[in-house]
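A closer look at the structure
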Number of protein chains: 2
Amino acid sequence: MILSGELSSGDALGEEALAEKCGVSRTPIRDALRRLEAELLVRRTESQRSFVAHWSLDDVSDAFELRAMLEGYAAKRAAERMDDATLQQLKACNKAIWVAIKGTEADVDTFLDRNREFHALILETASSRRLSSLLGVLIEQPVIWRTAHHYSREAFEQSHKEHDDLLSAFERHDGPWAEAVMAGHIRRAFHAYSDAHRGMLAEREAA
Amino acid sequence: MILSGELSSGDALGEEALAEKCGVSRTPIRDALRRLEAELLVRRTESQRSFVAHWSLDDVSDAFELRAMLEGYAAKRAAERMDDATLQQLKACNKAIWVAIKGTEADVDTFLDRNREFHALILETASSRRLSSLLGVLIEQPVIWRTAHHYSREAFEQSHKEHDDLLSAFERHDGPWAEAVMAGHIRRAFHAYSDAHRGMLAEREAA
DNA sequence: ACTTCCCCTATTGTATACATTTATCCAAAG
DNA sequence: CTTTGGATAAATGTATACAATAGGGGAAGT
C-alpha cells in the first residue's frame, strides 16, 4: 500500500485499522510493521505508534550515497566472482531493458522490473549475506522508483549504456572498474531522480 | 544470551522454550526473534525455525570490510558536522579508554563500553538515520566483541592512538582525513580480532 | 537391511481477550 | 485567555487458545 501510493507520508498506521482493512488480526500486522520499520518505510514514535515514513530530498540523497558505496562494493565482488552463465543472464537482462526503452513510448514497468533483476543478479553474485541484507534496506524505496515514470529518454539510454560498461568490467573480472562504473551509475541515477522530482513538483505547482 | 555466550552457533531457538526460560509468553519472544534475525544474530530456515547464526571467518571479514566503509563514511560526515560539546565528550571517552587499558591488567569491559560509546557518538554526529540503521546490523556481533579479551596490549594502545587521530581530524573538520583514519582503524581491528581468534583456536587445540 | 509411506508430535502462524500505556479533551483555576 | 489537571478513550504490549504445517519415528513392504 505504501509502494503503490495508496498511503502517503505521515499517514497513521494503527494496527487495528490495518487489521480490519486487510481482513486479518493484529498479530500478522504487527509482524509486518516491524519488518517495514527495519526497512525504513515505517517510522515509529517514541511511544511506539507507527506512521508512513517521510523522505526528504536529503534523506534520498543519503540513501543514494550509501547505495553508491555498497552497490559499488557489490559490483567489485561480483566482478571477482563472475561466471559465464550469470554473465549471459545479465546480458539478456540488459537487452530486455533496451527493448523496453526503445519503443515510441518507454515501457517503464518492464524497465524497472528488469533493472531490479539486473542489480539483484549482481548482488547475488557478490555472495555476501550481510551486504544483501544491508542493501535490502535501501533499494525498495517507493519515492525513488515512482519517479522513474518521469525519466527522460536520455536518462534511460545512459542507464543502459552504463550497464553495458559494467558487463565489460565483469567480463574482464576487473573489480575496481566495476566498482567505479557502478558508483557512477548510482550517482547518475540520483540526479535523474532529482531532475524528475523537480519536474513532478513543478507539475503539481501548475495544477 | 547469544552475546554472553550462553547460546552457541547452531543452537535451536524454539519460541516456547525461550518463552518459558524468560518467563514471558511467545508473543514478545517472536518480536525479539524477528529483530535478531534482521541483525543477523539469528538465522531462520525456510520452514521458519530459528537457530543461532553461525559466523565463519569469511563472514567476519565481510562484516569488517562493510564496517570500514560505512564507519569511514560516518566519520567523514561527523567531521563535517562536529561541534565543541561533542568533541569534548569524545575526548573524555578516549581518556576513559586510556585509563582502562593502562592498569597492570587491562579492564576489557570498560574498554568495550567506552569504545562502543565513542563510536556511537560519532555515528550520532553523522546524523543519518539510514546510516545508523545499517551500521546497527553490523556492530553488535558477539563473535567480535568477545575476542577483545584476548587482545594484546599493543592492540589496545594502537586503538587509543587512532582514536586520538580521529579527534584531530574532527577538530579540524577534515572529513577525508577522518574517513581514512576510521577505515584504517576498523581494518586494524579486524586483524587484531583475527590474531586473537587464532590464539583462541590454538588454546582450544591444546586443551 | 533398506526404503517408503503414514501417523503422531512438535513448532510456528493466527486470532482474540485482557493489561498497560499514551494521547486527547474538557473543566477548573490562575 | 492560558494553563494545568484529571478523566476518558484509543492504541499498543502481552498472554493464551486454537489452527496449520513441518519433522520425526515407526511399521510395513520390497
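Residues numbered from 1 in each chain as written. Chains lettered and ligands numbered in written order. Predicted model: local features only at pLDDT ≥ 70, side-chain atom pairs only at ≥ 80, totals over all residues. Heavy atoms only, no water.

Structural notes on empty space enclosed by the protein
Residues and elements named next belong to chain A. Going through the model one piece at a time under the given rule, you end up with one cavity of 30 Å³ or more. Of the voids in this model, the largest cavity is the one considered here, and its volume is about 230 Å³. Elements that contribute at least two residues to the lining of the largest cavity include exactly helix H3 (57-81), helix H5 (108-126), helix H7 (142-146), helix H8 (153-171) and helix H9 (175-206). If one sorts the elements of the lining of the largest cavity by residue count, H9 sits on top with five residues. Looking at the lining of the largest cavity residue by residue, the classes come out as eleven nonpolar, five polar and three charged. (1 Å grid on protein atoms, 1.4 Å probe; cavity = no way out; pocket = protein on both sides within 12 Å on 5 of 7 lines; lining within 4 Å. Points joined across faces, edges and corners; volume = space filled by probe spheres on them. Helix = DSSP H or I, 4+ residues; strand = E, 2+ residues; numbered from the N terminus. Nonpolar A, V, L, I, M, F, W, Y, C, P; charged D, E, K, R; others polar.)

So, the protein's contact with DNA strand C
Lining the immediate surroundings of DNA strand C are 17 residues, of which A:Ser25, A:Thr27, A:Ser47, B:Arg26 and B:Arg30 lie closest. If you look at DNA strand C and keep only atoms within 4 Å of the protein, 61% of those are sugar or phosphate atoms. A:Ser25 is positioned such that a nitrogen or oxygen atom in its backbone is 2.7 Å from a phosphate oxygen of DNA strand C. A distance of 3.3 Å separates a sugar or linking oxygen of DNA strand C from a polar side-chain atom of B:Arg49. Contributions of two or more residues to the surface near DNA strand C are made by helix H2 (26-38) of chain A together with helix H1 (15-22) and helix H2 (26-38) of chain B. Classifying every residue of the surface near DNA strand C by side-chain character gives three nonpolar, five polar and nine charged. (Near = heavy atom within 4 Å. Polar contact = N/O pair within 3.5 Å; in protein donor to acceptor, adjacent residues only side chain to side chain.)

A few points about the layout of surface pockets
Taken as a whole, the largest pocket encloses approximately 1,300 Å³ of empty space. Mapped by element, the contributors of at least two residues to the lining of the largest pocket are H2, strand E1 (42-44) and helix H6 (129-139) of chain A together with H2, strand E1 (42-44) and helix H6 (129-139) of chain B. At seven residues, the largest contribution of residues to the lining of the largest pocket is made by H6(B). Its residues assigned to classes, the lining of the largest pocket shows twelve nonpolar, seven polar and 17 charged.

A short note on the interface of chain A and chain B
Across the boundary between the two partners, chain A contributes 23 residues, which contact 23 residues of chain B. For the pair chain A and chain B, the summed buried surface comes to about 2,300 Å²; carbon and sulfur atoms form 57% of the total. Among the salt bridges present, the one from B:Asp31 reaches A:Arg30, with a minimum N-O distance of 3.6 Å. Across the contact surface, chain A and chain B share nine residue pairs in polar contact (both at pLDDT 80 or more). Going through the elements one at a time, H2, H3 and H6 of chain A are the ones with two or more residues in the side of chain A that touches chain B. Sorting elements by how many residues they give to the side of chain A that touches chain B places H3(A) first, with ten residues. The residue inventory of the side of chain A that touches chain B, partitioned by class, reads twelve nonpolar, two polar and nine charged. (Contact = heavy atoms within 4.5 Å. Buried area = accessible area lost by both parts, 1.4 Å probe. Salt bridge = Lys/Arg side-chain N within 4 Å of Asp/Glu carboxyl O.)

Overview of the protein's contact with DNA strand D
The environment of DNA strand D is made up of 16 residues, and the closest members are A:Glu15, A:Arg26, A:Arg30, B:Ser25 and B:Thr27. Near the protein, within 4 Å, the atoms of DNA strand D are sugar or phosphate in 65% of cases. In this structure, A:Glu15 approaches DNA strand D through a main-chain N or O atom, which is 3.0 Å from a phosphate oxygen. A:Arg44 is positioned such that a nitrogen or oxygen atom in its side chain is 3.5 Å from a phosphate oxygen of DNA strand D.

Remarks on the relation of the copies chain A and chain B
Expressed as a screw transformation, the operator carrying chain A onto chain B has a rotation angle of 180° and an axial translation of 0.2 Å, and the superposed copies differ by an RMSD of 0.2 Å. Here the copies are linked by what is in effect a two-fold axis. When C-alpha positions in chain A are compared against the rotation axis, the closest is assigned to A:Leu134, at 3.1 Å. Both copies share a contact surface, since 100% of the interface residues of chain A are interface residues in chain B too. (Least-squares fit on C-alpha atoms with pLDDT ≥ 70 in both.)

Some details on the side chain of A:His185
All names here are of chain A. Its location among the elements puts histidine 185 in helix H9. Classification of histidine 185 as buried rests on a relative accessible area of 5%. Leaving out residues up to four positions away in the same chain, histidine 185 has contacts with His119, Ser159, Glu162 and His163. (Buried < 20%, exposed > 50% of the residue type's maximum accessible area, 1.4 Å probe, protein only.)

Some words on the side chain of B:Ser128
As for its position among the elements, B:Ser128 is in the loop between helix H5 (108-126) and H6. On the accessibility criterion, B:Ser128 (4% relative accessible area) is buried. Among all residues touching B:Ser128, those that are not within four sequence positions of it are A:Asp62 and B:Arg77.

Examining unusual backbone geometry
At A:Leu40, a residue that is not glycine, the phi angle is positive and equals roughly 65°. Residue placement: A:Leu40 occurs in the loop between H2 and E1. Looking at A:Leu40, the relative accessible area reads 9%, which means it is buried. A positive phi angle is found at B:Gln48, which is not glycine, with a value near 70°. Inspection of the secondary structure puts B:Gln48 in the loop between E1 and strand E2 (50-52).

These figures come from the coordinates and say nothing about function on their own.
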